[in-house]
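Take a look at the letters that make up each chain.
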Amino acid sequence: MNIFEMLEKRNINPTNEFDRLSMLFLKEWSIYGIKYSLKRIINREFYKIPVKLRQTFLSVEDLLNELGIPEVSSYGRDWNELFLYCEVLLNLINTTKFYLDKDETAKETAQQIIANIKVILEKTNHEWAQIKEGYIIVDKNPATTEAIECLENNKVDLALNMIEYNRVLLKGNLTRKREILVALADYTEPMNNDFKGTQYAALYSDSRFLVNAIDIRHNNSGKGDLPEKAKLWTSREKEDWYDKTYQVLLTVILTRKHMDVSKEIQDLKPNRN
């Protein structure tokens with residue numbers, strides 16, 4: 001096995017990768033006796049960062065401390081900390097790119113951080129995606145990409161919601177996941193007549209059952225119409241069923257597109273009569 005194969009197969013550790021990113025972010029260089037670092041340059045321009053990211057914070061340290069990810073720690077880092085730090089760095093670099101590009105060392109350091117993040121995401125089967133607010137890290141989900149391509153052009157908000165559902169840091173946030181599922185349920189509801197009487201009718205029926213009976217579209221927790229098994233679910237089990245519902249709704253959207261294409265194929269075939 002050569003060195004490239006060895007490196008390709010290596011397992012990454014969240015603490016090590018966090019420390020590498022932090023070292024790059026804090027790395028100093030001097031120009032005419034003045035010390036610079038990527039963090040110092042961004043801090044200098046911090047007030048110009050869009051308020052959606054800056055909020056009321058006064059510096060990078062202020063932001064990181066609020067998020068619970070100090071750059072120096074005697075404890076190990078978990079995956080959530082690493083992914084959140086990656087999101088912060090991606091957005092800070094993106095929103096201050098104009099200023100970073102003025103300094104060649106800052107530009108190169110920013111590029112190295114981005115390159116490291118790309119490797120981290122590739123090795124953990126994640127990717128970054130852009131929503132209205134900025135960049136987030138999401139699980140790779142080809143079905144989401146395909147389903148978004150099936151949406152009408154005016155469904156931008158729904159597409160962004162679908163991307164957000166796969167966000168790594170959305171795990172455990174049942175309230176937000178429920179909101180996104182409701183939006184998907186509202187979008188697929190008018191498809192009822194399209195599925196009626198077809199071989200895919202059961203798929204559509206399953207999707208309606210899930211969004212209406214397991215505390216998604218209707219707040220039926222603890223009520224008689226909640227399935228008996230569902231009354232005993234833990235939060236983790238409930239989230240698992242939310243995720244299954246998300247996949248079913250994606251399948252409904254993809255199947256609806258397939259039905260249209262299937263009709264076109266039938267029209268294309270020679271008349272066999």
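Everything below is about the structure shown above.
Throughout, a residue's number is its position along its own chain's written sequence, starting from 1. Side-chain atom pairs in this predicted model are given and counted only at pLDDT of 80 or more, local residue features only at pLDDT of at least 70, and totals for whole chains, interfaces and linings cover all residues. As a rule here, side-chain values come from all non-hydrogen atoms in the structure, and water together with hydrogens is ignored.

Enquirer: I would appreciate a short explanation of the overall build of the protein in the present structure.
Expert: For the protein, the count of helices and strands is 14 helices and four strands. Only C-alpha atoms enter the radius of gyration; for comparison, a globular chain is expected to reach 2.2 Å times N to the power 0.38, where N is the number of residues. In summary, the protein has a C-alpha radius of gyration of 24 Å against a globular reference of 19 Å for 273 residues, an excess of more than 25%. Projected onto its principal axes, the C-alpha positions of the protein cover 85 × 55 × 45 Å. Across the 273 residues that make up the protein, the buried fraction comes to 40%. Considering only contacts in the protein between residues 6 or more positions apart, those separated by 24 or more positions represent 61%. When the accessible surface of the protein is totalled, it reaches about 16200 Å², and 51% of it is carbon and sulfur. Here the protein holds 39 positive side-chain charges and 41 negative ones, and the gap between their average locations is 1 Å. Note on conventions: DSSP H or I runs of at least 4 residues are helices, E runs of at least 2 residues are strands, and numbering of each starts at the N terminus. For every residue, the accessible area (1.4 Å probe, protein chains only) is compared with the maximum for its type, and the residue is labelled buried under 20%, exposed over 50%, or partly exposed between those bounds. Any pair of residues with heavy atoms lying within 4.5 Å of one another is described as a contacting pair. The protein chains shown are the only cover counted for residues, whose accessible areas, like all others here, come from Shrake-Rupley with a 1.4 Å probe. By the counting scheme adopted, Arg and Lys are positive, Glu and Asp are negative, and His together with the chain ends is not counted. For this purpose, a charge sits on NZ of Lys, CZ of Arg, CG of Asp or CD of Glu.

Enquirer: What's the story with the packing of helix α2 (residues 14-26) against helix α6 (residues 79-95) in this structure? I'm lost.
Expert: Any two packed helices are characterised by how steeply their axes cross, that is the angle between the axes, and by the distance between the axes. An axis is simply a line fitted to the C-alpha atoms; with a helix, the fit covers only the stretch in contact. Between two such axes, the angle follows the N-to-C directions and lies from 0 to 180 degrees. As a packed pair, α2 and α6 sit with axes 9 Å apart at the nearest point and diverge in direction by 25°. The orientation of α2 with respect to α6, classified from their angle, is roughly parallel. For the pair α2 and α6, the sense of crossing is left-handed. For the pair formed by α2 and α6, the contact residues are P14, E17, F18, L21, S22 and F25 on the first element and W79, E81, L82, Y85, C86, L89 and L92 on the second. What sets the label is the angle itself: under 35 degrees gives roughly parallel, over 145 gives roughly antiparallel, 65 to 115 gives roughly perpendicular, and the rest give oblique. Here is the rule for handedness: rotate from the far helix to the near one, and if that takes an anticlockwise turn smaller than a right angle the crossing is left-handed, while a clockwise turn gives right-handed.

Enquirer: Explanation requested: helix α10 (residues 156-165) in the structure shown.
Expert: Since one α-helical turn is 3.6 residues long, residues separated by three or four positions face the same way. Most of α10 is tucked away: eight of the ten residues are buried. Those residues of α10 that sit buried are L158, A159, L160, N161, M162, I163, E164 and Y165.

Enquirer: Help me understand the pattern of salt bridges, please; the structure alone is not making it clear to me.
Expert: When their charged atoms lie close together, side chains carrying opposite charge are able to pair. The salt bridge definition used is simple: a Lys or Arg side-chain nitrogen within 4 Å of an Asp or Glu carboxyl oxygen. Using the criterion set out here, one finds 23 salt bridges in the structure. Between R167 and E87 there is a salt bridge, with the nearest N and O atoms lying 2.4 Å from each other. Highlighted residues: R167 in the loop between α10 and α11 (174-188) and E87 in helix α6, separated in sequence by 80 residues. In this structure, the salt-bridge partner of D139 is K171, at a minimum N-O distance of 2.8 Å. You can see D139 sitting in strand β4 (residues 135-139) and its partner K171 sitting in the loop between α10 and α11, a full 32 residues away along the chain. Take D139: its relative accessible area is 24%, and that puts it in the partly exposed class.

Enquirer: Looking at this structure, how should I read helix α9 (residues 142-149)?
Expert: A143, T144 and A147 are the residues of α9 that are buried. Viewed end-on, α9 has its buried residues packed into an arc of 100°, placing them on one side of the element. Among the exposed residues of α9, those oriented more than 90 degrees off its buried face are P142 and E149. Each element contacted by the buried residues of α9 is listed here: α10 and α14 (235-268). Note that the arc is defined by the directions from the helix axis to the C-beta atoms.

Enquirer: Would you mind going over the environment of V156 with me for this structure?
Expert: Within the secondary structure, V156 is located in helix α10. Classification of V156 as partly exposed rests on a relative accessible area of 47%. In this structure, the C-alpha to C-alpha distance between V156 and I131, residues 25 residues apart in sequence, is 9.9 Å.

Enquirer: How should the nonpolar core be read in this particular structure?
Expert: General note: in soluble globular proteins, nonpolar side chains tend to be found buried as a group. With 37 residues, the main nonpolar core has L21, F25, L38, L92 and I113 as its most contacted residues. By residue number, the principal contributor to this core is α6, which donates ten residues. With near-sequence residues (within four places) excluded, L92 lies in contact with F25, I42, F46, I49, L53, V60 and L63. For our purposes a nonpolar core is just a set of buried Ala, Val, Leu, Ile, Met, Phe, Trp, Tyr and Cys residues, chained together by side-chain atoms within 4.5 Å. Counting residues in each nonpolar core, the second largest holds 28 residues, with L158, Y165, I214 and L250 among its members.

Enquirer: Quick question: what am I supposed to make of unusual backbone geometry here?
Expert: Working note: non-glycine residues mostly have negative phi, and peptide bonds are mostly trans. Notably, Y32 is not glycine yet its phi reads approximately 55°, a positive angle. Although it is not a glycine, D215 adopts a positive phi angle of roughly 65°. Position of D215 among the secondary structure elements: in the loop between α13 (201-213) and α14. Exposure remark for D215: the relative accessible area of 5% places this residue in the buried category.

Enquirer: For this particular structure, what's the right way to read the packing of aromatic side chains?
Expert: By convention here, two paired aromatic rings are described through the distance between centres and the angle between planes. Note on aromatic contacts: the rings of Phe and Tyr and the six-membered ring of Trp form a pair at centre separations within 6.5 Å, being stacked when their planes are under 30 degrees apart, edge-to-face when over 60 apart, and tilted otherwise. Taken as a whole, this structure holds six aromatic pairs when the rule is applied. Considering the side-chain rings of F18 and Y85, the 4.2 Å spacing of their centres and the 20° angle between planes classify their relative orientation as stacked. Separated by 67 residues along the polypeptide, F18 in helix α2 and Y85 in helix α6 bring together distant segments of the chain. This pair shows no difference in class: F18 is buried, exactly as Y85 is.

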